[in-house]
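Spelled out, the chains give:
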Amino acid sequence: MTEPVRQRIKVLSEQIRQHDYNYHVLDAPTIGDSQYDALMAELLALEADYPDYVRSDSPTQRVGAKPDQGFQEVTHRVPMLSLDNVFDAEEFSQFVARVTDRLDGLTPEWTAEPKLDGLALSIRYEQGNLVQAATRGDGQSGEDVTANVRTIRSIPLRLMADSIPEIVEVRGEVILKKADFDAMNARLLDAGEKTFVNPRNAAAGSLRQLDPTLVAQRPLSFYAYGTGELSQPLAPTHQATMAALKAMGIPVNPGLVVGDAVRIEQAYRDLLEERDQLPYEIDGMVIKVNRLDLQTSLGFVARAPRYASAWKFPAQEAATRIIAIDVQVGRTGAITPVARLEPVFVGGVTVSNATLHNFDEISYLDVRPGDRVMVRRAGDVIPQVVRVLADERTLNLPQVVMPLACPVCASPIERAPGEAVIRCSGGLVCGAQRLEHLKHFVSRKALDIEGVGEKLLELLIAEGLLHSPADLFRLSSEQLVGLDRMAEKSAANVIESIQAARETTLARFLFALGIRDVGEATARTLAQHFQTLDALMAADFDALLEVGDVGPIVASHIQHFFASEENRHVIQDLMDSGVRWTEPEPTERKGPDLSGQTWVLTGTLETMTRDEAAEVLRGLGAKVSGSVSAKTTVVVAGPGAGSKLTKAESLGIQVMDEQGLLEFLK
Ligand code: IVH
């Protein structure tokens, strides 16, 4: 009678294990969350009725009791070493030369993989069962965190393959993915608890929690990068060892590259470029000799192996001091506090300003002028102040107060319900908004007026010559001469380029108007959809929602914009001063129909710029994207193409060069 129950428990456990593997190791789930939950619920119910059948490696048995005497010490049977570092290509070649030299001139094959920024963990399996997990500690001995590690869903409690050595120690890094970190901090903040400063600290703090019930609520991940004690070797190379671990159900560090030193250098540049798009934080790339026998013969120095090195990335965070906190008024009136910093080298550049986003952020961080702070710059994003070094605040520094009036035009400040941003209500009365508005109007992707930059706009506004965009078209070269020491010839050139810019396209015109949330792409879609300005201005809410890309928020911004008397006046004024465009041709595209396709352009093109190529492709109906994914249709790669090309190749996406593109378009 109970045998079918035992059988069902076994089947359910195996199914759940397989789904865990598909999800965490293969990154390819085959069922949805609710189906998974249903399997789990059924297993829990059966186990509740038949407690004798509950096995310690059952998927339901991840959360155990709190260790009563804190964490016990564990001696590592194979020490957990650290890595030597290199910081640039020259140090990398020196490392390669040293190793090659020691191998008597034999040129080894190398592996490269991301250096995950978390904390090292050793997991011991005996007869395929997880029996112990320990932190690195001083490398010789660490803490027994088995109960906590059992709660990490991606770590199997039992290894999967058919034949598994008696002892397998897996070494890897416990991390928190960026999205999980953000969500966790948001939850902690909501609950009025202390948040973590970065994913690494959060992972470390979570793993060292004494109560496994709490650890189970922390979304920790694990990726293996090596082995400790093994009763028999798994494979002859690092690459094959990783594959063997993966086959046993262990999540391994993705993105392993194998090749010669030149390939590894390329991999470093690619990884650096991809860094910000990765789901977790990495602080470099680890390079290892692939053959394990060569690793062994190379041996160790002090606490690091000779066969490996970490090629570190430039730090994305650095400490500096805030000199002052200013506010900036943007094109739409948004008031953004900006920290003026003592210049600091971070993320590869010198930074002297950082955004503080809004005044909620200032009070959340409790940041004050004079504070020492950590500044972060990742990729191309604007540098940010991430936290105050509170211990270093010695003086009583003044708090920042939120302004009640616009610091530029003194108009009252507004704050929409539910929004963190405060705005100047002055509209184009506000000199700052006017300047930003005009800067946008003349910018390259708007009316593209060459020779009219921020400096000249500032002067023209100060002289009272410029209130609204249409005033630009009424300027004479006499008015310009003398401004900022402008000579007659250059004044005439500026006037000429202003006049030339009257000939434009509807998409550019719409973008130039600076409607909130209507960027270049949306402007283009709107122009294509409505064909004429009149049709767009007459469109009601539902008609706007029919446009791809336009949701309720953008639709209401558009309606709001055209409903304003003042904006209608600006538009009329521009038309009266001769701004015009030919309406886009509705049909008859010259070339193949690319609707529904996504194209990516990378590297340098010779007969045209990437922007021009993108324009042509969009004209044929394609979407042009900046990143390669499984949804990409074609990648056009010119000389100098890097990781996007590699990714396209690995995903089996069609790649063409510029010549191929030109022929395709014929
Ligand atoms: S190999 C004997 N590979 O970096 C060499 N380490 O700075 C063992 N780390 O303690 C390390 N990602 O915690 C290796 N792909 C990776 C890694 C990695 C992160 C950590 C590891 C180690 C530290 C050394």
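Everything in this summary refers to the structure shown in the same document. All values derive from a computational prediction rather than experimental measurement.

## Observations concerning the pairing of strand β10 (residues 282–289)
Reasoning step 1: In terms of burial, β10 is a largely internal element, 8 of the 8 residues being buried.
Reasoning step 2: By the bridge criterion, 7 bridges tie strand β3 (residues 110–116) to β10 in an arrangement that is antiparallel. When the sheet's bridge partners are listed, P114 is paired in β10 with M285.
Reasoning step 3: Relative to strand β13 (residues 308–312), β10 runs antiparallel, the two being bridged by 5 bridges. Considered in β13, the bridge of V286 is made with A310.

## What about the site of the ligand?
Reasoning step 1: The ligand sits among 15 residues. The nearest are K115, L116, E173, Y225 and N253.
Reasoning step 2: One nitrogen or oxygen atom from the main chain of L116 is found 3.1 Å from a nitrogen atom belonging to the ligand.
Reasoning step 3: Within the side chain of N253, a nitrogen or oxygen atom sits 3.1 Å from a nitrogen atom of the ligand.
Reasoning step 4: When the ligand is considered free in solution it has 520 Å² of accessible area, and contact with the protein chains removes 87% of it.
Reasoning step 5: If you list the elements that add at least two residues to the shell around the ligand, you get β3 and β10.
Reasoning step 6: Among the elements that line the shell around the ligand, the one with the most residues is β3, at 4 residues.
Reasoning step 7: In terms of residue class, the shell around the ligand is made up of 9 nonpolar, 1 polar and 5 charged.

## Some points on the side chain of S468
Reasoning step 1: Position of S468 relative to the elements: it lies in the loop between α13 (454–462) and α14 (477–480).
Reasoning step 2: Ignoring anything within four residues of it in the chain, the contact list for S468 reads L438 and D573.

## Comments concerning the packing of helix α3 (residues 89–102) against helix α9 (residues 261–274)
Reasoning step 1: Running from amino to carboxyl end, α3 crosses α9 at an angle of 150 degrees, the nearest separation of the two axes being 11 Å. The angle between α3 and α9 places the two elements in the roughly antiparallel class. For the pair α3 and α9, the crossing hand works out as right-handed. Across the interface between the two elements, A89, F92 and V96 from α3 touch A261, I264 and E265 from α9.
Reasoning step 2: Broken down by class, the residue content of the contact of α3 with α9 amounts to 5 nonpolar, no polar and 1 charged.

## Let's talk about the environment of S93
Reasoning step 1: Mapped onto the elements of the fold, S93 is located in helix α3.
Reasoning step 2: On the basis of relative accessibility, which here comes to 38%, the residue S93 falls in the partly exposed class.
Reasoning step 3: When the C-alpha positions of S93 and A261 are compared, they lie 8.0 Å apart, and in sequence the two are 168 residues distant.

## Quick notes on the side chain of S58
Reasoning step 1: If you trace the backbone, S58 turns up in the loop between α2 (33–49) and β1 (73–75).
Reasoning step 2: Not counting the four nearest positions on each side in its chain, S58 is found in contact with R17, L43, E47 and L157.

## Concerning the nonpolar core
Reasoning step 1: Counting 55 residues, the largest nonpolar core has L472, L510, L526 and F562 as its most contacted members.
Reasoning step 2: Those elements that provide at least two residues to this core are α12 (431–442), α13, α15 (488–500), α16 (506–513), α17 (520–530), α18 (533–538), α20 (552–563) and α21 (565–576).
Reasoning step 3: With 7 residues, the top contributor of residues to this core is α16.
Reasoning step 4: Ranked by size, the runner-up nonpolar core spans 34 residues in total, among them Y125, A202, A224 and M248.

## A word on the sheet that holds strand β24 (residues 623–625)
Reasoning step 1: Across the sheet, which stays open at both edges, the 4 strands sit in the order β24-β23-β25-β26 with parallel pairing between neighbours. Each edge of the open sheet is held by one strand with a lone partner, namely β24 and β26 (654–656). Sheet twist, expressed as the mean angle between neighbouring strand axes with direction ignored, is 30 degrees.
Reasoning step 2: Relative to β26, strand β25 (residues 634–637) runs parallel, the two being bridged by 3 bridges. By the bridge assignment for β26, V636 is matched with M656.
Reasoning step 3: Here helix α24 (residues 658–665) sits on the sheet and contacts β23 (598–602), β25 and β26; the angle it forms with β26, its principal contact strand, is near 100 degrees.

## Here we look at the sheet that holds β3
Whether parallel or antiparallel, the strands of a sheet pair through hydrogen bonds between backbone atoms.
Reasoning step 1: Within the open sheet, the 5 strands sit side by side as β2-β13-β10-β3-β9. Their pairing is mixed. Of all strands in the sheet, those with a lone pairing partner are β2 (85–86) and β9 (257–259), marking the two edges.
Reasoning step 2: Bridge count for β2 against β13 is 2 bridges, and the pairing is parallel. Of the residues in β13, the one forming a bridge with N85 is A310.

## Observations regarding the packing of α20 against α21
Reasoning step 1: Where α20 meets α21, the axes come as close as 5 Å, and the angle between the chain directions of the two elements is 75 degrees. It follows that α20 is roughly perpendicular to α21 by the angle criterion. From α20, F561, F562 and A563 reach across to α21, where they touch E565, N567, R568 and I571.
Reasoning step 2: Grouping the constituent residues of the contact of α20 with α21 by class yields 4 nonpolar, 1 polar and 2 charged.

How each quantity is defined
Residues numbered from 1 in each chain as written. Predicted model: local features only at pLDDT ≥ 70, side-chain atom pairs only at ≥ 80, totals over all residues. Heavy atoms only, no water. Buried < 20%, exposed > 50% of the residue type's maximum accessible area, 1.4 Å probe, protein only. Helix = DSSP H or I, 4+ residues; strand = E, 2+ residues; numbered from the N terminus. Pairing = 2+ DSSP bridges. Near = heavy atom within 4 Å. Polar contact = N/O pair within 3.5 Å; in protein donor to acceptor, adjacent residues only side chain to side chain. Areas by Shrake-Rupley, 256 points an atom, 1.4 Å probe, with all protein chains shown as cover. Nonpolar A, V, L, I, M, F, W, Y, C, P; charged D, E, K, R; others polar. Contact = heavy atoms within 4.5 Å. Axes fitted to C-alpha atoms, helices over the stretch in contact; angles between N-to-C directions. Parallel < 35°, antiparallel > 145°, perpendicular 65-115°, else oblique. Left-handed = near helix turned anticlockwise from the far one by under 90°. Core = buried A, V, L, I, M, F, W, Y, C linked by side-chain atoms within 4.5 Å.

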